[in-house]
Amino acid sequence: MSFWKDKRVLITGGSGFLGSHIVDRLKTMNCEFFVPRKKQYDFTRLDAAELCFATYKPDLVIHSAAYYGGIWINQLYPGRIYYENLVMGANVMEAAQRHKVEKVVQIGTACSYPGYLENELAEKDLWNGLPHETVVNYGITKKIMNVQGAAYKKQYGLNSIHLILTNLYGPRDTYHPDRSHVAAALIRKFVEATLNRSPEVEVWGTGKPIREFLYVDDCAEAILLAAEKYNELEPMNIGTGVGTSIRELAETVQQVSGYQGSIRWNTDKPDGQFRKVLATEKMRRVLQWQPPTSLRAGLEKTVHWYEANKAEADARL
Ligand code: GDP
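Residues numbered from 1 in each chain as written. Predicted model: local features only at pLDDT ≥ 70, side-chain atom pairs only at ≥ 80, totals over all residues. Heavy atoms only, no water.

**Q** Could you clarify how one ought to interpret the side chain of Thr134 in this entry?
**A** Within the secondary structure, Thr134 is located in the loop between β4 (103–109) and α5 (136–156). A distance of 2.7 Å separates a polar atom in the side chain of Thr134 from a polar atom in the side chain of His132. (Helix = DSSP H or I, 4+ residues; strand = E, 2+ residues; numbered from the N terminus. Polar contact = N/O pair within 3.5 Å; in protein donor to acceptor, adjacent residues only side chain to side chain.)

See below:
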């Protein structure tokens, strides 16, 4: 019988960027799924999380709700990032054990890896140091869920997995300049500069840092595969394994958006971690899968979506 048939799936953050793409895929899976709204169920409160679990009685929980963003929001709101992610993660796990959920899929982040590492980030290195200072609050509060997962497996027999996601991009991302990650930020900047015929676009840092970019719908596909196939406590990376410099990304977005002006590098803005690229051997072996969308193809789809939905995209905070 299919893993998904008649499964009751609760997806926190299901109306957010990644969550909404997971929901799109769940629609094709022959399962029942529930997307709690923050107004009704605020997961920073345990009583609200418990009420939600009592109402929907999920078998499987995908915890994709998070308060997060790119390098800049981590400078603006480190306290809120710390508190909301820590408490939401703890409450989702506690409500899951109290309500006898079969499995929790924790959505983690590449920001959890030690900030000094420059080689491929392999799962075994997750605890070998503090995350980079620009993302430490987000990174720590995500990976601590994996510790809770081990404790809850031991005491309550709760099955949870911890997936470490690389930088995502795609339709329905956050395009607000304070919050956006680099891909969304550059898409907005280059599309607007083209519309306004601006002579130059400002891009932050030196252009030298290396990042990995995963198309959001590919990521949603991997998450559902992992929910089905993976049952170990050891974390598993989800990425492309391909590093791209910020300079190369900026030039690709420039081409895809048809922008004719020039790029100005603002080195007053932080570069962040030098290199963030995940080792993906385990993902390929366990899931028998690799991301189907190339960076160029994903950026083309995203730029077209952004151009067609600009007002809605810009309004999303
Ligand atoms: P990070 O991966 O956690 O460091 O977060 P980001 O995706 O926000 O930033 C990645 C890199 O892109 C950093 O080196 C930024 O300085 C650089 N970058 C260049 N231009 C921008 C921009 O307009 N917005 C953001 N968020 N980052 C930018």
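The structure having been displayed, the exposition proceeds.
**Q** Help me out: how do you make sense of the nonpolar core in this one?
**A** Residues Ile223 and Ile238 are the most contacted members of the largest nonpolar core, which totals 33 residues. Every element with two or more residues in this core is listed here: β1 (8–12), α1 (17–26), β3 (60–63), β4, β5 (159–165), α7 (216–229), β10 (236–238) and α9 (281–287). Top contributing element to this core by residue count: α7, with nine residues. Setting aside anything within four residues of it in sequence, one finds Ile223 in contact with Leu18, Ile22, Ile62, Val105, Ile107, Leu163 and Leu165. Judged by nonpolar contacts, the second largest core, of 24 residues, contains Ala183, Val191, Val256 and Val303. (Core = buried A, V, L, I, M, F, W, Y, C linked by side-chain atoms within 4.5 Å. Buried < 20%, exposed > 50% of the residue type's maximum accessible area, 1.4 Å probe, protein only. Contact = heavy atoms within 4.5 Å.)

**Q** In this structure, what is going on with helix α6 (residues 182–196)? I would like to understand it.
**A** Residues lying three or four places apart along an α-helix face the same way, a consequence of the helix completing one turn every 3.6 residues. If you check α6, its first and last C-alpha atoms are 21 Å apart, about what 15 residues at 1.5 Å a residue would give, namely 21 Å. Within the sequence span of α6, burial applies to Ala183, Ala184, Ala185, Leu186, Ile187, Arg188, Phe190, Val191 and Ala193. Phi for Arg197, located one or two positions after α6, is positive at around 50 degrees. (Expected span 1.5 Å × (residues − 1).)

**Q** Help me out: how do you make sense of the sheet that holds β3 in this one?
**A** Within a beta sheet, neighbouring strands are joined by backbone hydrogen bonds and run either parallel or antiparallel to one another. Here we have six strands laid out as an open sheet, ordered β2-β1-β3-β4-β5-β10, and parallel in their pairing. A single partner strand is all that each edge strand has here, and the edge strands are β2 (32–34) and β10. If you compare each strand with its neighbour and ignore which way they point, the axes differ by 25 degrees on average. Taken together, the seven bridges between β4 and β5 define a ladder with parallel strand orientation. Residue Ile107 lies in a different strand from β5, and its bridge partner there is Leu163. Packed onto the sheet, helix α2 (residues 46–56) meets β1, β2 and β3 and runs at close to 155 degrees relative to β1. (Pairing = 2+ DSSP bridges. Axes fitted to C-alpha atoms, helices over the stretch in contact; angles between N-to-C directions.)

**Q** Could you clarify how one ought to interpret the site of the ligand in this entry?
**A** Surrounding the ligand, one finds 18 residues, the nearest of these being Ile71, Lys189, Arg211, Pro270 and Asp271. Residue His181 places a side-chain N or O atom 3.2 Å away from an oxygen atom belonging to the ligand. The separation between an oxygen atom of the ligand and a polar main-chain atom of Pro270 is 2.6 Å. A total of 530 Å² of accessible area belongs to the ligand in isolation, and the protein chains cover 99% of it. Structurally, the ligand is housed in the largest cavity. Counting residues per element, the ones that place at least two in the shell around the ligand are α6 and β7 (200–204). (Near = heavy atom within 4 Å. Areas by Shrake-Rupley, 256 points an atom, 1.4 Å probe, with all protein chains shown as cover. 1 Å grid on protein atoms, 1.4 Å probe; cavity = no way out; pocket = protein on both sides within 12 Å on 5 of 7 lines; lining within 4 Å. Sits in = over half its atoms within 2 Å of the grid points.)

Honestly, that's just the spatial picture; any functional story needs more than this.
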